[in-house]
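# Inside the fold
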Amino acid sequence: GHAALFAQFRLDSIAPIYNPEFITPEESSLPSDTRVIGVNWAGESKAYPVAVLDYRELVNDRLGDTEILVSWCPLCGSGLVFDRELDGQQLTFGNTGVLYHGAMAIYDHETRSIWSQPLGQALSGPLAGARLRLLPMQLTTIARWTADHPDTLILDEPTRFQDSVRDPATLVLGISVDGQMQAAYYLDDLLQQGVLEIELASQPVVIFAFEQRVRVFD
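Procedures and definitions
Residues numbered from 1 in each chain as written. Predicted model: local features only at pLDDT ≥ 70, side-chain atom pairs only at ≥ 80, totals over all residues. Heavy atoms only, no water. Salt bridge = Lys/Arg side-chain N within 4 Å of Asp/Glu carboxyl O. Helix = DSSP H or I, 4+ residues; strand = E, 2+ residues; numbered from the N terminus. Buried < 20%, exposed > 50% of the residue type's maximum accessible area, 1.4 Å probe, protein only. Phe/Tyr/Trp six-rings, centres within 6.5 Å; stacked < 30°, edge-to-face > 60°. Pairing = 2+ DSSP bridges. Axes fitted to C-alpha atoms, helices over the stretch in contact; angles between N-to-C directions. Disulfide = S-S within 2.5 Å. Contact = heavy atoms within 4.5 Å. Patch = residues over 30% accessible without salt bridge, like charges linked within 9 Å, V, L, I, M, F, W, Y side chains within 5 Å. Areas by Shrake-Rupley, 256 points an atom, 1.4 Å probe, with all protein chains shown as cover. Lys, Arg positive; Asp, Glu negative; His and termini not counted. Charge placed at Lys NZ, Arg CZ, Asp CG, Glu CD.

Another point: the pattern of salt bridges. This model, assessed by the stated rule, comprises seven salt bridges. Salt-bridge contacts for K46 lead to D61; the nearest nitrogen and oxygen are separated by 3.1 Å. Highlighted residues: K46 in strand β3 (residues 44–49) and D61 in strand β4 (residues 58–63), separated in sequence by 15 residues. Under the relative-accessibility criterion, D61 is labelled buried at 8%. Residue D65 is joined to R62 by a salt bridge in which the shortest nitrogen-to-oxygen separation is 3.8 Å. Its relative accessible area of 38% is what places R62 among the partly exposed residues.

What follows is the structure in structure tokens.
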């Protein structure tokens with residue numbers, strides 16, 4: 001059963017960040033090409049260096065009135081940001097230390113449900129079947145992010161490892177519609193094309209790719 005499965009996990013053997021601390025761009029010494037997950041939400045902007053996420057993987061944070069989870073799976077290179085509130089309940093996420101279909105599996109402290117990070121969906125436990133709301137983010141460089149968001153804050157954490165995010169030639173942009181993955185595009189192909197207009201699941205989509213930034217809109 002779920003309880004027996006949960007008891008086998010090495011919870012937070014990869015330690016998440018539960019109380020993040022931040023610095024301003026003026027206080028940061030990160031190289032300009034450092035890759036970050038940038039989030040602009042509720043009138044606030046924050047940047048989370050991939051070099052930190054490579055060994056912490058999860059950051060429980062807050063932007064405005066929204067509790068967020070910044071997540072990064074180093075094995076599959078998937079960076080996703082979620083709203084941690086579900087049906088009025090605020091969830092706090094930790095790392096199970098195991099994989100589901102080759103990708104990170106996480107858990108919430110409040111119900112001990114087990115979640116798939118790439119799916120943002122609870123796989124087992126009291127919340128099985130529930131999905132977290134996905135929030136917009138950018139995978140970009142600290143130089144580009146701070147140029148666009150000069151008032152941003154930057155996650156302050158000593159980096160033990162070099163930023164090891166895969167070369168752009170192997171990075172892909174995945175697009176899902178109504179929770180179902182519809183397409184994936186190589187990042188370097190998009191950057192060469194610039195603008196791409198497509199239709200996925202009867203929904204018009206436009207992709208803008210420029211200066212190491214990719215944005216997707218309805």
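Resuming the write-up.
If you walk through the whole model with that rule in mind, you get three aromatic pairs. Geometrically, the ring pair formed by F93 and W115 is edge-to-face, given 5.6 Å between the ring centres and 80 degrees between the ring planes. Separated by 22 residues along the polypeptide, F93 in strand β9 (residues 93–100) and W115 in strand β11 (residues 114–116) bring together distant segments of the chain. Accessibility expressed as a relative area gives 0% for F93, which makes it buried. Overall, the relative accessible area of 0% leaves W115 in the buried class.

The next subject is the sheet that holds strand β10 (residues 103–108). Taken in spatial order, the four strands make up an open sheet running β9-β10-β11-β12, and their pairing is antiparallel. Of all the strands in the sheet, just β9 and β12 (121–124) have a single pairing partner and so form its edges. Geometrically, the sheet is characterised by an average inter-axis angle of 40 degrees between neighbouring strands, direction not taken into account. Sheet analysis places β11 next to β12, joined by three bridges and oriented antiparallel. Bridged to W115 within β12 is A122.

This part takes up the sheet that holds strand β5 (residues 66–73). Spatial ordering of the open sheet is given by β4-β5-β6-β13, a layout of four strands whose pairing is antiparallel. The open sheet has two edge strands with one neighbour each: β4 and β13 (133–135). Strand-to-strand twist across the sheet, computed as the mean angle between neighbouring axes with direction ignored, equals 35 degrees. For β4 and β5, the ladder comprises six bridges, and the chain directions are antiparallel.

Glancing now at the pairing of β4. Among the six residues in β4, five count as buried, and that is most of the element. Hairpin connection from β4 to β5: two residues lie between these consecutive antiparallel strands, with G64 at a positive phi of about 60 degrees.

A few words now on the state of the cysteines. Under the counting rule described, the total for this entry stands at zero disulfides. You can see C73 has no disulfide; the closest cysteine sulfur is in C76, sitting 3.1 Å from it. With a relative accessible area of 2%, C73 lands in the buried category.

Next up on the list: the environment of D156. Residue position: D156 is located in the loop between β15 (153–155) and β16 (172–177). Not counting the four nearest positions on each side in its chain, D156 is found in contact with E21, F22 and I23.

Together, E21, E26, E27 and D156 make up a region of like negative charge exposed at the surface. Relative to the elements of secondary structure, E27 occurs in the loop between β1 (22–23) and β2 (35–41).

Pairing between strand β18 (residues 195–200) and strand β19 (residues 203–210): six bridges, direction antiparallel. What sits directly across from I198, in β19, is V205. Where β18 hands over to β19, the hairpin turn is made up of two residues, of which A201 adopts a positive phi near 50 degrees. As defined by bridge partners, β19 adjoins strand β20 (residues 213–217) across five bridges and the pair is classed as antiparallel. Pairing of A209 across the sheet is with V214, part of β20.

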